[in-house]
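Structure at a glance
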Amino acid sequence: MKKFILASVSAVFLFAGHGESNDPGMKLLQKGDKKGAFEIFTKECNAGNAWACGNSGLMLYFGMGINKNVAKAKEYYNKGCEMHDIGSCENLAEIAYKEQNMPTAKGYFQKVCGMKKYAKNKIDFKAIAKSCKKAASIK
């Protein structure tokens with residue numbers, strides 16, 4: 001649980017490693033305007049930016065500048081996952097694992113495990129390797 005929380009909270013900032021550091025939402029987030037960042041990430045997500053969907057989900061999951069809403073966070077993570085955002089799929093897997101929904105967790109971990117062609121950096125490759133191990137460990 002602690003690993004998931006730490007990984008997820010830092011993911012907003014690590015997502016900058018995906019080449020999105022010039023993103024207007026990321027710039028607002030770095031300035032501390034969480035509500036403004038969320039609004040931009042949401043608009044970008046709805047326009048088809050998978051990375052922004054993951055950030056919207058993350059902010060909703062932890063209530064970063066907005067009301068915490070796990071159900072809505074899952075919706076944004078799902079949008080990002082459907083558009084092949086590794087972080088979004090991994091977060092869905094971790095949430096399902098935390099909720100003890102092992103069939104769903106295993107399915108998402110397996111999905112991440114098969115996403116090598118969508119990996120953009122070392123963070124993605126680490127997530128893939130970790131997800132492959134977790135998928136194999138779930139009976």
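My aim in this report is to walk through the structure given alongside it, one point at a time. (Residues numbered from 1 in each chain as written. Predicted model: local features only at pLDDT ≥ 70, side-chain atom pairs only at ≥ 80, totals over all residues. Heavy atoms only, no water.)

**Observations regarding the overall build of the protein chain**
When you go through the protein chain residue by residue, the secondary structure sums to eight helices and zero strands. Ordered by position from the N terminus, the helices and strands of the protein chain form the series α-α-α-α-α-α-α-α. Out of the 139 residues in the protein chain, the part that is buried amounts to 44%. By sequence separation, contacts in the protein chain at least 24 residues apart represent 50% of the contacts at least 6 residues apart. (Helix = DSSP H or I, 4+ residues; strand = E, 2+ residues; numbered from the N terminus. Buried < 20%, exposed > 50% of the residue type's maximum accessible area, 1.4 Å probe, protein only. Contact = heavy atoms within 4.5 Å.)

**A look at the pattern of salt bridges**
Side chains that differ in charge, positive against negative, can pair when their charged atoms come close. Scanning all chains against the criterion turns up five salt bridges. K72 is paired through a salt bridge with E75; the nearest N and O atoms lie 3.4 Å apart. Of this pair, K72 and E75 both sit in helix α5 (residues 70-82), three residues apart, which is roughly one turn of the helix. According to the relative accessible area criterion, K72 is partly exposed, its value standing at 35%. A residue is classified by how much of its surface remains accessible, and E75, at 46% relative accessible area, is partly exposed. Taken together, the shared-partner salt bridges in this structure form one network comprising E90, E94, K130 and K134. (Salt bridge = Lys/Arg side-chain N within 4 Å of Asp/Glu carboxyl O.)

**Some points on the state of the cysteines**
The full count for this structure, using the stated rule, is three disulfides. Paired through a disulfide, C45 and C53 show a sulfur-sulfur distance of 2.0 Å. With the S-S bond torsion at 90°, the cross-link from C45 to C53 turns out right-handed. Accessibility assignment for this pair places C45 and C53 in one class, buried. (Disulfide = S-S within 2.5 Å.)

**Some details on helix α6 (residues 86-98)**
Given a rise of 1.5 Å per residue, 13 residues ought to cover 18 Å, and the 18 Å separating the end C-alpha atoms of α6 matches this to within 8%. The element α6 is extensively covered by neighbouring structure, given that 11 of its 13 residues are classed as buried. Among all positions of α6, only I86, G87, S88, C89, E90, N91, L92, A93, E94, I95 and A96 are buried. Residue Q100 follows α6 closely and has a positive phi angle near 65°. (Expected span 1.5 Å × (residues − 1).)

In short, shape yes, function no, at least from these values alone.
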